[in-house]
Amino acid sequence: MGLTISQSRELLTVETDELTLAFSRDDGGLRVLRRAAGPNLAGYGGPRPSVDVCVGERGWLSERMLVRFLRHTAEERDGAAHVTIISGIGPLMVYDRYRITGTWIARRVTVVNVGEDPLQLRGVRMVLPWLRVGSLESGRFDAPGNSVRPRVPLTVAAEQRAGVLPRRYFAPGLRADQAFEPSPTAAAGLMALHEESGGEALLCWYHSVGETALPQVDGNGEAVSVAHQVDLAGWLGADAELTAETQHILLLHEPWSLAMGAFRRTHSLAGGAWAVAPSPAWLPDAALYEVHPAQHGGLAGLTAALPHLAAMGITALCLLPIWEYGAGAGRLWDGNRDLPGPAAVHNFERLDPAIGGPDDLRQLVEAAHAHGMRVIVDLPLAGCAPSSPHIAAHPEWFCRDEQGRLARVDGPEQIVPFDWAQQPLREFLAGVALALLRDFQLDGFRVSPPRVPRPNWSRDVPYHASAGTLGYLAFIERLRAAARAERPEAAVIGALGGPACAERQDASIDELAHHMFFHLGLTRLTPAELAQWLADHIGALPEGAVRICYTESSLTHLLNPLADGLRGSRISRLLLAGLMLCGFVPMIHCGQEQGEEPFLTDLLAARAGSAALRRGAVSYDAVTCSSQQVFTVLRQFEDDAVIGLLNVGPHRHTVTLGVPVEALGLAEGEFHVVDILSGERWCEEGRHTWGRDALRQLRLTLEPFGAYALTLRPSASPPSRTAAAGQQAALAT
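Residues numbered from 1 in each chain as written. Predicted model: local features only at pLDDT ≥ 70, side-chain atom pairs only at ≥ 80, totals over all residues. Heavy atoms only, no water.

**Q** Please clarify how the sheet that holds strand 13 (residues 152–153) should be interpreted in this entry.
**A** As a general point, the strands of a sheet are linked pairwise by backbone hydrogen bonds and lie either parallel or antiparallel. Spatial ordering of the open sheet is given by 7-8-9-10-19-15-14-12-13, a layout of nine strands whose pairing is antiparallel. The sheet is open, and its two borders are formed by strand 7 (67–77) and strand 13, each paired with just one other strand. Where helix 2 (residues 256–269) meets the sheet, its contacts fall on strand 10 (104–113), strand 12 (139–142), strand 14 (191–195), strand 15 (200–207) and strand 19 (241–253), and the angle it forms with strand 15 comes to roughly 35°. (Pairing = 2+ DSSP bridges. Helix = DSSP H or I, 4+ residues; strand = E, 2+ residues; numbered from the N terminus. Contact = heavy atoms within 4.5 Å. Axes fitted to C-alpha atoms, helices over the stretch in contact; angles between N-to-C directions.)

**Q** Is there a simple way to think about the sheet that holds strand 2 (residues 11–15) in this case?
**A** If you walk across this open sheet you meet the four strands as 1-2-3-4, and the pairing is antiparallel. A single partner strand is all that each edge strand has here, and the edge strands are strand 1 (4–7) and strand 4 (30–35). In this sheet, adjacent strand axes meet at a mean angle of 10° when their direction is disregarded.

**Q** Just to check I follow, could you spell out the pairing of strand 35 (residues 640–647) for this structure?
**A** Every other side chain in a regular strand lies on the same face of the sheet, so the side chains alternate between the two faces. Of all eight residues in strand 35, six are buried, a share of seventy percent or more. Relative to strand 35, strand 34 (residues 630–637) runs antiparallel, the two being bridged by eight bridges. By the bridge assignment for strand 35, glutamine 636 is matched with alanine 641. The antiparallel hairpin formed by strand 34 and strand 35 contains two residues in its connecting segment, where glutamate 638 sits at a positive phi of about 55°. In terms of strand pairing, strand 35 meets strand 41 (residues 707–714) through four bridges, oriented antiparallel. The partner of leucine 645 across the bridge, within strand 41, is tyrosine 708. (Buried < 20%, exposed > 50% of the residue type's maximum accessible area, 1.4 Å probe, protein only.)

**Q** Before we go on, may I ask you to explain the layout of surface pockets in this structure?
**A** Gaps between atoms show up when a probe of the same size as a water molecule is rolled over them. The volume enclosed by the second largest pocket comes to roughly 1,200 Å³. Of all the secondary structure elements, the ones that give two or more residues to the lining of the second largest pocket are helix 2, helix 10 (527–539), strand 30 (546–549), helix 15 (611–615), strand 32 (617–619), strand 33 (624–625) and strand 34. The leading source of residues in the lining of the second largest pocket is helix 10, at nine residues. Residue composition of the lining of the second largest pocket, by class: 23 nonpolar, 11 polar and 10 charged. (1 Å grid on protein atoms, 1.4 Å probe; cavity = no way out; pocket = protein on both sides within 12 Å on 5 of 7 lines; lining within 4 Å. Points joined across faces, edges and corners; volume = space filled by probe spheres on them. Nonpolar A, V, L, I, M, F, W, Y, C, P; charged D, E, K, R; others polar.)

**Q** Would you mind showing me how to read empty space enclosed by the protein here?
**A** Here the structure, examined in full by the defined rule, presents five cavities of 30 Å³ or more. Size it by volume and the largest cavity reaches roughly 110 Å³. Contributing to the lining of the largest cavity are 14 residues, with Ala186, Arg451, Asp510, Glu511 and Leu512 lying nearest its centre. Partitioning the lining of the largest cavity into residue classes produces five nonpolar, three polar and six charged.

**Q** I keep staring at the packing of helix 3 (residues 299–312) against helix 14 (residues 597–608) and nothing clicks. Help me out?
**A** The description of two helices packed together rests on the angle between their axes and the distance between the axes. Here helix 3 crosses helix 14 at 55°, and the two axes come no closer than 8 Å. Relative to helix 14, the element helix 3 lies oblique. Here His308, Ala311 and Met312 of helix 3 lie close against helix 14, whose contacting residues are Glu597, Leu600, Thr601 and Leu604. Counted by class, the contact of helix 3 with helix 14 contains four nonpolar, two polar and one charged residues. (Parallel < 35°, antiparallel > 145°, perpendicular 65-115°, else oblique.)

**Q** Whenever I open this one, the state of the cysteines confuses me. Can you help?
**A** Each disulfide consists of one covalent bond between the sulfur atoms belonging to two cysteines. With the rule as written, the count across this model stands at zero disulfides. With no disulfide partner, cysteine 549 has as its closest neighbouring cysteine sulfur the one in cysteine 582, 10 Å distant. Left without a disulfide partner, cysteine 625 is nearest to the cysteine sulfur of cysteine 582, which lies 15 Å away. (Disulfide = S-S within 2.5 Å.)

**Q** Got a minute to help me understand the nonpolar core in this structure?
**A** Across soluble globular proteins, nonpolar side chains show a tendency to be buried alongside one another. Counting residues in each nonpolar core, the largest one holds 105 residues, and the members touching the most others are Leu317, Leu319, Phe348, Leu361 and Leu436. In terms of residues, this core owes the most to one element, helix 6 (residues 423–440), which gives 10 residues. In this view, leucine 436 contacts Ile322, Trp323, Leu351, Leu361, Val377, Gln441, Leu442 and Phe445; residues no more than four positions away in its chain are not counted. In terms of nonpolar packing, the next biggest core, distinct from the first, is built from 43 residues, Leu19, Val133, Val152 and Leu202 among them. (Core = buried A, V, L, I, M, F, W, Y, C linked by side-chain atoms within 4.5 Å.)

**Q** Honestly, the pattern of salt bridges in this entry has me stumped. Any pointers?
**A** It is possible for side chains of opposite charge to pair when their charged atoms get near one another. Evaluated as defined, the whole model comprises 37 salt bridges. Among the salt bridges present, the one from arginine 140 reaches glutamate 196, with a minimum N-O distance of 3.1 Å. With arginine 140 in strand 12 and glutamate 196 in the loop between strand 14 and strand 15, the pair connects residues that are 56 residues apart, well separated along the chain. Using a relative accessible area of 11% as the deciding quantity, one classes arginine 140 as buried. Note on glutamate 196: relative accessible area 55%, which makes it exposed. With a closest N to O distance of 2.4 Å, glutamate 324 and arginine 350 form a salt bridge. Residue glutamate 324 is found in strand 22 (residues 323–325), and its partner arginine 350 is found in strand 23 (residues 345–351); the two are separated by 26 residues along the sequence. Judged by relative accessible area, glutamate 324 falls into the buried class, the value being 15%. (Salt bridge = Lys/Arg side-chain N within 4 Å of Asp/Glu carboxyl O.)

And the structure:
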């Protein structure tokens, strides 16, 4: 390892065989970060501490107090260099610990209250100050799994300011005015700076099963500071301490494509699973229908609708919460968004009587199974309605605010949040779920944990306030194992799909992909950018993770109202087809099918009939196109291959495709081009077949906002379903 420490008046320098780090002896901030023989990547701005702490009403302390470097420790141990930078800020002592192995740094921060008065710790920022990789012109910024545009020029990233709404060119769309997702529950928390043509690369991410962290970017016009704001919270008495989980930093000399592979390997070495257990065989092939029974008049009405749904191609029902809820009052839920909805559960031990009784649920499940359909139930994990009897019976299961009152989650539901540190709570909800699974022969659950967990500020608990914020991960893991033991084909899918959740569930709802596809439809994102974003997004998640996506859901009225407004439009059809072409399991929201049955029937039939669309490998760069308005994707599974095309332009135009005939293993001969979405053989200016070499420059005319799933079939193959129907009619005549 060869650890060497040297000091000057201004810097403490740490050198290993492969890395050099230098810290300010004024505020402890990182000033130099480089590989051996590589350029310095840090310190391209004014003095800035590497750690900040949020305390009570005082907020972030570095904004009003000096951060003082105090001392350091350094040693070689277990094949790694261990360096600790100790700083003081107000009444706190901060231990910034770096474990250096090769060019990989694992960093943790401990905060100690050295004052006499108790403090309320609200968060910790782990900062890498003022980074620059390459020049402003050649440098690129990426944040896979967030709404950040791929390959953002460093000049653009350096213009972002902390606390200011991000520019649309940096992040095409925002969730709650944020460009980033919480890590590791909703995303990997990965941020990277790299050079456009390859060379230096710096990757930084956060992983924990304790608290979430929100990535942040702050620019000064010349460089960017990247940070993870960790939701570490608790009351700190005198001499008490709390430790934030691990921020990882990796320096490489590789192009971006190889850097992502290094990220996956390092993430796995750090304890994060990089492959998920196989899901039940039915799940990757499923077509889900999200519905609350009240939308069909109750359980009996939904049962009556099953033949129609099955004929359309639906293979699984996802029931929104079916328990008695806060504002039920014995009436059917009418979707009124100004009132608490079914997610505000009143009593987990009683079904909503307005939708029917246990016999009605049993008949629904039996009828669904008779139609070859699965049934899963939404299990809301955020909390209960304020009127819930569970609160009176078990007040310790719920979070308190700073004044000791029951906490509230914002919104019409006014949910009182669960404290997931409570093991009896986990056991109770697991028992409720498993009893439902057993008694009604359900096929699994969709778990919906809180995206932003609430700390429990009760002074009566023996743990810090944020100790239970990710406790639902253990619950999901246990529920999945127990459900599988009860019913081997049972599945647990989740509303959050970051690495920590994906490795514990069978499939994840990919809400962010929904948003990015809509940005494509609104021309905020180009087809090439979406392809890059998708490749990075999936590459930053555990291998084998099943992803579910949609154009409408029960939440789009809040998160993306335009999605509901575009129902029935060419753009909405284009985007739903695009999600399917890219390998997402489709989910249809109740009501979305009205007036769209023929389109949805054809779409789901095409997917059901194509192993490539359901299980094929995905390639975004195998098929070239002469138009920048056309998105292409190639799906391959054994000898089945489909070329997906999305014309996101508003005009009919003719394009030239470069079909990879060698990769497809095409022999010499003539081929039909068949669109399996319409079932039609392609006819281009009277031409019906193309030779193998002609496919290398295949000219096709695409309709405005048109979606196509093309297969290549030898000209001797059977006719399309439309042509076959015509021939049968002629024979009958």
